[in-house]
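Each chain, written out:
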Amino acid sequence: NAGVTQTPKFRILKIGQSMTLQCTQDMNHNYMYWYRQDPGMGLKLIYYSVGAGITDKGEVPNGYNVSRSTTEDFPLRLELAAPSQTSVYFCASSSSGSSNQPQHFGDGTRLSIL
Amino acid sequence: AQSVSQHNHHVILSEAASLELGCNYSYGGTVNLFWYVQYPGQHLQLLLKYFSGDPLVKGIKGFEAEFIKSKFSFNLRKPSVQWSDTAEYFCAVKKLNTGFQKLVFGTGTRLLVSP
């Protein structure tokens, strides 16, 4: 009963390094989302996808890229890590975009940029 | 700016005390409302939701929330908290309009229940 799986759980990067946060779901959900959660702040939407091959920007997309080559996977890419990207990142999925289909969240990736 | 406000950032209660967490939003029009909970070390889980109908909605684990449209509020309540309710609670609002309907989260309230 995996649901939404994120890897890694923790990571420390140096400024300027790049990395990919992985997210996969086994529920055959069309919609997938990436959020970041900063201390004392709510979750902010970075990117979302309504299906394989389709992605769009959320509220805070700068410094990130995504791809959606399959229904299951929605990786988030940081090309040039900056201290402002230190945050906890959550991936989520839902079967559709309507409200009666709740979003299912992964356990999060805690990322520190030093 | 459209926003969701949770007034209490930290709440400390003793077991059996009553709980009320505030949530206000600034959108006009039709909205769907949610409360999510994040237990320590776990992912966010849906606690309850309001779409339409009876403004008093009941969720899991004895939680309930009341939608008061005139006050743009959706406060979360529980008559008697338990130590296991220690968690962070997020209110979220989805404004119903055309196109992609974004879920907007409040800043969260950390609840600590002392045994």
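Values in this document were obtained by computation on a predicted structure and should not be read as measured data.

Procedures and definitions
Residues numbered from 1 in each chain as written. Chains lettered and ligands numbered in written order. Predicted model: local features only at pLDDT ≥ 70, side-chain atom pairs only at ≥ 80, totals over all residues. Heavy atoms only, no water. Helix = DSSP H or I, 4+ residues; strand = E, 2+ residues; numbered from the N terminus. Rg over C-alpha atoms; globule rule 2.2 N^0.38 Å. Buried < 20%, exposed > 50% of the residue type's maximum accessible area, 1.4 Å probe, protein only. Contact = heavy atoms within 4.5 Å. Areas by Shrake-Rupley, 256 points an atom, 1.4 Å probe, with all protein chains shown as cover. Lys, Arg positive; Asp, Glu negative; His and termini not counted. Charge placed at Lys NZ, Arg CZ, Asp CG, Glu CD. Buried area = accessible area lost by both parts, 1.4 Å probe. Polar contact = N/O pair within 3.5 Å; in protein donor to acceptor, adjacent residues only side chain to side chain. Nonpolar A, V, L, I, M, F, W, Y, C, P; charged D, E, K, R; others polar. Phe/Tyr/Trp six-rings, centres within 6.5 Å; stacked < 30°, edge-to-face > 60°. Lys NZ or Arg CZ within 6 Å of the ring centre and 35° of its normal.

S.K.: Residues and numbers for the overall build of chain A, please.
M.R.: Per the secondary structure count, chain A includes 0 helices and 11 strands. Put simply, chain A runs from its N terminus to its C terminus through helices and strands in the order β-β-β-β-β-β-β-β-β-β-β. Relative to a compact globule of 114 residues, whose C-alpha radius of gyration would be 13 Å, chain A shows 13 Å and is just as compact. With the C-alpha coordinates of chain A rotated into their principal frame, the extents come out at 40 × 30 × 30 Å. A buried classification covers 45% of the 114 residues belonging to chain A. Look at the contacts in chain A between residues 6 or more apart in sequence, and 54% of them connect residues 24 or more apart. Accessible surface, chain A as shown: approximately 5300 Å² in total, 50% of it carbon and sulfur. Across chain A, 9 positive and 8 negative side-chain charges occur, with their mean positions spaced 9 Å apart.

S.K.: Break down the overall build of chain B for me, citing the residues and quoting the values.
M.R.: Across its full length, chain B holds 0 helices and 12 strands. Scanning chain B from its N terminus toward the C terminus, one meets helices and strands in the order β-β-β-β-β-β-β-β-β-β-β-β. Expected size for 115 residues packed as a compact globule is a radius of gyration near 13 Å; at 14 Å, chain B falls within 12% of this value. When the backbone C-alpha atoms are referred to their principal axes, chain B occupies close to 45 × 30 × 20 Å. Out of the 115 residues in chain B, the part that is buried amounts to 46%. Within chain B, counting contacts between residues at least 6 apart in sequence, those at least 24 apart form 55% of the total. Total accessible area on chain B stands at roughly 5600 Å², and carbon and sulfur atoms take up 53% of it.

S.K.: Before we move on, could you go through the interface of chain B and chain A and cite the residues and values that matter?
M.R.: In this complex, chain B contributes 21 residues to the contact, which on the side of chain A involves 21 residues. Where chain B abuts chain A, roughly 1700 Å² becomes buried across the two surfaces, and 59% of that area is made up of carbon and sulfur atoms. Our count for the chain B to chain A interface comes out at 1 residue pair in polar contact (both at pLDDT 80 or more). Mapped onto the side of chain B that touches chain A, the elements with two or more residues apiece are β5 (31-38), β6 (44-50), β10 (87-95) and β11 (103-105) of chain B. When residues in the side of chain B that touches chain A are grouped by element, the largest group, 4 residues, is from β5(B). Here the side of chain B that touches chain A is composed, by residue class, of 10 nonpolar, 7 polar and 4 charged.

S.K.: Explain the packing of aromatic side chains to me, and be specific about the residues and the numbers.
M.R.: In total, this model carries 14 aromatic pairs over all chains according to the counting rule given. Ring centres 4.7 Å apart and planes at 35° place the aromatic pair Y50(B) and F67(B) in the tilted group. Placement of Y50(B) in strand β6 and of F67(B) in strand β8 (residues 64-68) is noted, with a sequence separation of 17 residues between them. In this structure, Y50(B) and F67(B) share a single accessibility class: buried. Summarising the aromatic geometry, the rings of F63(B) and Y89(B) are spaced 5.6 Å apart at their centres and angled 45° between planes, so their arrangement reads as tilted. Highlighted residues: F63(B) in the loop between β7 (56-58) and β8 and Y89(B) in strand β10, separated in sequence by 26 residues. There is no split in this pair, since F63(B) and Y89(B) are both buried. Each residue in the set Y31(A), Y33(A), Y35(A), F105(A), F34(B), Y36(B), F51(B) and F105(B) is aromatic and connected to the rest through ring pairs, giving one cluster. Here the basic side chain of R68(A) rests over the ring of F74(A), its NZ or CZ set 5.9 Å away from the ring centre.

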